[in-house]
Amino acid sequence: MSLVKYRKKRNFSQTPEPLGRADRKTGPALRYAVQKHDASRLHYDFRLEFDGVLKSWAVPKGPSLDPGRKVLAVQVEDHPLDYGGFEGVIPKGQYGGGTVLLWDEGTWRPLHDPAQGLKDGKLHFVLNGKKLHGEWSLVRMGGKAGDGGKNWLLMKLKDKYAQTRGDILVDAPQSVKTARSLKQIGGARDDVWNGGAKKNGQIAGAVKSAWPGKLSPQLAVLAEAPPEGEQWLHEIKFDGYRILARVKSGQVQLITRNGNDWTAKFTGIARVLQRLKVDSAILDGEIVVLDKQGRSDFQALQSMLKHETQAHPVYFAFDLIYCNGFDLRGIPLIDRKKQLEDLLRKSGLEPHINYSAHVLGNGSAMIKKACGMALEGVVSKRSDAPYVSRRDKTWLKSKCSQRQEFVVIGYTEPRGARSGFGSLLLGYHGANKELIYAGRVGAGFDERMLIQTLEQLRKLKQNEPPTASPPPARERHNAHWVKPTLVAEVRFTGWTRGGLLRHPVFVAFRSDKPASQIVRELPVKAEKVQLMHAPSRRKITPGRRQQAGPHSKAGNQSIAGVILSHPDKIFYSDAGITKHDLAQYYSDVQRWMLPHVIDRPLALARCPAGVSSKCFFQRNWSSTLPPAVGKVNVGEGKTRDFQITVRDLAGIISLVQIGVLEIHTWNCRNENVDRPDQLVFDLDPGPDVPWRRVVEGAVVLNRTLTSLGLATFLKTSGGKGLHVTVPIQPNVEWDSAKQFCKTIAESLAQKSDLFVANMRKDLRGGKIYIDYNRNGRSATAVAPYSTRARPGAAIAMPISWEELGKLKTADHFTVETASRYLDRRQLDPWRDFQRSRVDLRKLVARKSAA
């Protein structure tokens, strides 16, 4: 974010204004606001959200609905998104001291590429506010009047919202937030940004909020190993029951991760928490029973709850998410933990209530130490991250041995002298919520548990297996099936190629985790990322995130070191795909996608407000693009023509951040833009061509190309057709490559009534157009694994030729269904792409000679 000037003008040790984290959900559209600001002189601040900040102009005379009036708008420093909803008093002596009234707010929609518009000095857009509507324009002034590019003109364009009579500033002077006047806001002084924290015990940096209703805890994602870097803190992974402790006016509720009230199960913990020195608070932590070595013992905890043994449970608190009327979820974890530590130390509730300490950095040393002490593992958390009520990669769990929950789907008869049952049959839910068989577990039970568990299983018996497909015959021998409601935690050494557990050992049944949520946990590789902002002990301004209520999903997220502002912004409304979902998808497919996308000139389809709103195509690089988005000169001769390129996953995620829903690539690499290194044949069927004919056409084309000694690689277009890509050595010119493709297309069109090689639509009825024009210089084709800017979030998916006959459409694969397909796919169908390059120059010469 371009907030350097904003920060330089403010002393944050004196003025705790927002540093610049855009951590409020704003919805799928871009925000806009106008604030009436009575500072050294009265003016209006006109603000448009773009790339995670508010682009800002000071408008001395205010906006006008008269198209004949062009009012001066002086561009000032970018502001954080937090400023857009502020209304109150900035004390005198501080920068911008005076009264601020929120005069209008809403959304805006650019009518062309806004990045290019800012660069060129002309923005054309539509406002949808509470007071201002319709088309507007901002135009940068030139010459001396432009004052170095700072001075712009703001004007209303002619449409049904334009007015030549009256003055909206006079007719509607009140706040759209509180309906107050400037004088009333200045007199109330109920929201003052000053140099200190709030008084009366309120925690600085929190959001004033009513006592929240039901809250869900944040959950961790399984990782291969703890991440490295000082931005991560690491805690011991406890083996107990996750509990949100809700304390209010001396009353305590202990709520499980599934929303159940377990206060009666842990009355001793509840009684101790009544002494917590606070009016109201919500703590996040885990209740455990410790063994003689101080390690959490889940089986001992279960035995205690069944009244089979006596033990003293302990509550380890690791987060504070609400305190004294303030929601703390939006402030960094490191600051939340400091508040929690202070509160627990002041309350003195040990040994029953303990603070979960952490280590900053040194993740590899932490997991080594934990495993050496026979602990379960480590939970690593981003020290600068907000708290979100979902499973999120800002929390990563690393285990000393593989261990997870499974759904019990059946059991087998015991053999020999064994009592009860032989083994439990296990499963987990797939991408489409179907149950998938995972194997059986018979180790880890004692005699008493075998008998007790059999009584439970008999009550759940049913005739058919609850899995999507029955387990192998050898696994079904002597099997009894049960309703899939029991959850068993199992320790194991790995997975077989067939997807079954290796050496599983039963640990415990889990009543705190619903069977419907049990999936196979796949470890992710922790990215080495940058801080969202430097964690510190600095108190943060009250009211900083006023619009984020107790149930909002506030907070930026980071993938590949790129901060995603508004990760919950909906990009595909029909499929519910958010910005974060799309970024996570690209992170998941990076090992297959990046070799075909990085270091190539790109063309992008951008839809800042999602696929259902206006989109535009962008080729040219702009300095306003994110830092991870690079440029490449594709100009011929001495002409300089900079276009967009990316070099790594961070570049791809940066494209998602600015609303890119389609990525198209040139057929060349950056280092040799004058020579293509691949050919693309786009099979584009007419509207009356059935899918089976498209498949037939692809097979014919493949046969033709392979007969010439060319290797072919197939992908769905994500639209109506198919793309066949041929890797070549980059030693022919564009015109020669295009002519070669044209010759093949025209030859096929002459030989078969399947094809047409002419783009004229009146000739394409009932035929497949072989688009060879994608092989010219600067022509592009959608990249492998790229999404399409169309409803449904379809993907251009590489597939094998053997899979082609199984497909029903070219938009078969979507963001939602891709993960299951890729998990099931044994080999990358394009794995031989790089080593299959053919010398096209020699091939053409050889054919000509023949």
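Residues numbered from 1 in each chain as written. Predicted model: local features only at pLDDT ≥ 70, side-chain atom pairs only at ≥ 80, totals over all residues. Heavy atoms only, no water.

Participant: Any chance you could explain the overall build of the protein here in plain terms?
Facilitator: When you go through the protein residue by residue, the secondary structure sums to 17 helices and 46 strands. For the protein, with 850 residues in total, the buried portion stands at 57%. Here the analysis covers contacts within the protein between residues at least 6 apart in sequence; of these, 70% occur between residues at least 24 apart. (Helix = DSSP H or I, 4+ residues; strand = E, 2+ residues; numbered from the N terminus. Buried < 20%, exposed > 50% of the residue type's maximum accessible area, 1.4 Å probe, protein only. Contact = heavy atoms within 4.5 Å.)

Participant: Would you mind going over the sheet that holds strand β12 (residues 232-236) with me for this structure?
Facilitator: Through backbone hydrogen bonds, the strands of a sheet pair up, either in parallel or in antiparallel fashion. Spatially, five strands are ordered β11-β21-β20-β12-β19 in an open sheet, and the strand pairing comes out mixed. In the strand order of this sheet, the two ends are held by β11 (219-222) and β19 (359-360), each with one partner. The sheet strands contacting helix α7 (residues 333-347) are β12 and β20 (377-382), and the helix crosses β12 at an angle near 45°. (Pairing = 2+ DSSP bridges. Axes fitted to C-alpha atoms, helices over the stretch in contact; angles between N-to-C directions.)

Participant: Looking at this structure, how should I read the nonpolar core?
Facilitator: In a soluble, globular protein the nonpolar side chains are often hidden away together inside. Core analysis: the biggest nonpolar cluster contains 84 residues, and Y586, I663 and F681 have the highest contact counts within it. It is helix α14 (residues 691-707) that contributes the most residues to this core, seven residues altogether. Here Y586 is in contact with M593, L649, I652, I653, V656, I663, Y785, S786 and T787, once residues within four sequence places are set aside. One finds A270, F326, L328 and I331 within the second-largest nonpolar core, a separate group that totals 36 residues. (Core = buried A, V, L, I, M, F, W, Y, C linked by side-chain atoms within 4.5 Å.)

Participant: How should I be thinking about the pairing of strand β3 (residues 53-59) in this particular structure?
Facilitator: Each regular strand shows side chains that alternate between the opposite faces of the sheet. Along β3, seven of the seven residues are buried, which leaves the element largely enclosed by surrounding structure. Of the two faces of β3, the one lined by V53, K55, W57 and V59 and the one lined by L54, S56 and A58 are each fully buried. Relative to β3, strand β2 (residues 42-50) runs antiparallel, the two sharing seven bridges. Each residue of the ladder has a partner; that of L48, found in β3, is K55. Here β2 hands over to β3 after two residues, with D51 in that stretch at a positive phi of 55°. Relative to strand β4 (residues 70-79), β3 is paired through four bridges, and the arrangement is antiparallel. What sits directly across from S56, in β4, is V76.

Participant: Whenever I open this one, the packing of aromatic side chains confuses me. Can you help?
Facilitator: How two aromatic rings sit relative to each other is given by the distance of their centres and the angle of their planes. Under the defined criterion, the tally for this structure stands at 25 aromatic pairs. Residues F813 and Y821 carry aromatic rings whose centres are separated by 4.6 Å and whose planes lie at 50° to one another, so their mutual orientation is tilted. This pair shows no difference in class: F813 is buried, exactly as Y821 is. Above the plane of the ring of W232 lies R382, whose end atom (NZ or CZ) is 5.7 Å from the centre. (Phe/Tyr/Trp six-rings, centres within 6.5 Å; stacked < 30°, edge-to-face > 60°. Lys NZ or Arg CZ within 6 Å of the ring centre and 35° of its normal.)

Participant: How do you make sense of α14 when you look at a structure like this?
Facilitator: Residues spaced three or four apart along an α-helix point in a common direction, a consequence of the helix completing one turn every 3.6 residues. Counted at 1.5 Å a residue, the expected span for α14 with its 17 residues is 24 Å, and the 25 Å between its end C-alpha atoms agrees. Three or more residues of α14 are buried, namely W691, V694, V695, G697, A698, V700, L701, N702 and L705. The elements touched by buried residues of α14 are β40 (678-685), β42 (722-727), α15 (734-751), β43 (755-756) and β44 (768-771). G709 sits one or two residues past α14 and shows a positive phi near 90°. (Expected span 1.5 Å × (residues − 1).)

Participant: Just checking my understanding: could you explain α15 for this structure?
Facilitator: Relative to the 26 Å expected for 18 residues at 1.5 Å per residue, α15 spans 26 Å between its end C-alpha atoms, a close match to the ideal helical length. Within α15 the residues assigned to the buried category are W734, A737, F740, C741, I744, A745 and L748. Looking straight down α15, one finds its buried side chains confined to an arc of 140°; they lie on one side. Away from the buried face of α15 by more than 90 degrees, exposed residues D735 and Q750 are located. (Arc of directions from axis to C-beta.)

Participant: When you look at the pattern of salt bridges in this model, what are you seeing that I'm missing?
Facilitator: Close approach of charged atoms allows side chains of opposite charge to pair. Tallying each qualifying case throughout the model produces 39 salt bridges. Notably, a salt bridge pairs E521 with K397, separated by 3.0 Å at the nearest N-O pair. Separated by 124 residues along the polypeptide, E521 in the loop between β30 (505-509) and β31 (557-559) and K397 in strand β21 (residues 391-399) bring together distant segments of the chain. Of the two residues, E521 and K397, neither departs from the other in class, the shared state being buried. (Salt bridge = Lys/Arg side-chain N within 4 Å of Asp/Glu carboxyl O.)

Participant: What exactly am I supposed to notice about the environment of S64 here?
Facilitator: Counting through the fold element by element, S64 comes out in the loop between β3 and β4. Remark: the alpha-carbon pair of S64 and T164, spanning 100 residues in sequence, is separated by 9.1 Å. Setting aside residues no more than four positions away along its own chain, S64 makes contact with R69, W136 and K156. In terms of polar contacts, S64 uses its side chain to reach the backbone amide nitrogen of D66, at 3.1 Å. (Polar contact = N/O pair within 3.5 Å; in protein donor to acceptor, adjacent residues only side chain to side chain.)

Participant: Quick question: what am I supposed to make of the packing of helix α11 (residues 579-588) against helix α13 (residues 649-657) here?
Facilitator: Helix-helix packing: each pair is described by the crossing angle between the helix axes and the interaxial distance. Running from N to C, α11 and α13 point in directions that differ by 160°, and their axes come no closer than 9 Å. One finds that α11 runs roughly antiparallel with respect to α13. Crossing of α11 over α13 shows right-handed handedness. Where α11 approaches α13, its residues K579, L582, A583, Y586 and S587 are matched on the opposing element by L649, I652, I653, V656 and Q657. Per-class residue counts for the contact of α11 with α13 are seven nonpolar, two polar and one charged. (Parallel < 35°, antiparallel > 145°, perpendicular 65-115°, else oblique. Left-handed = near helix turned anticlockwise from the far one by under 90°. Nonpolar A, V, L, I, M, F, W, Y, C, P; charged D, E, K, R; others polar.)

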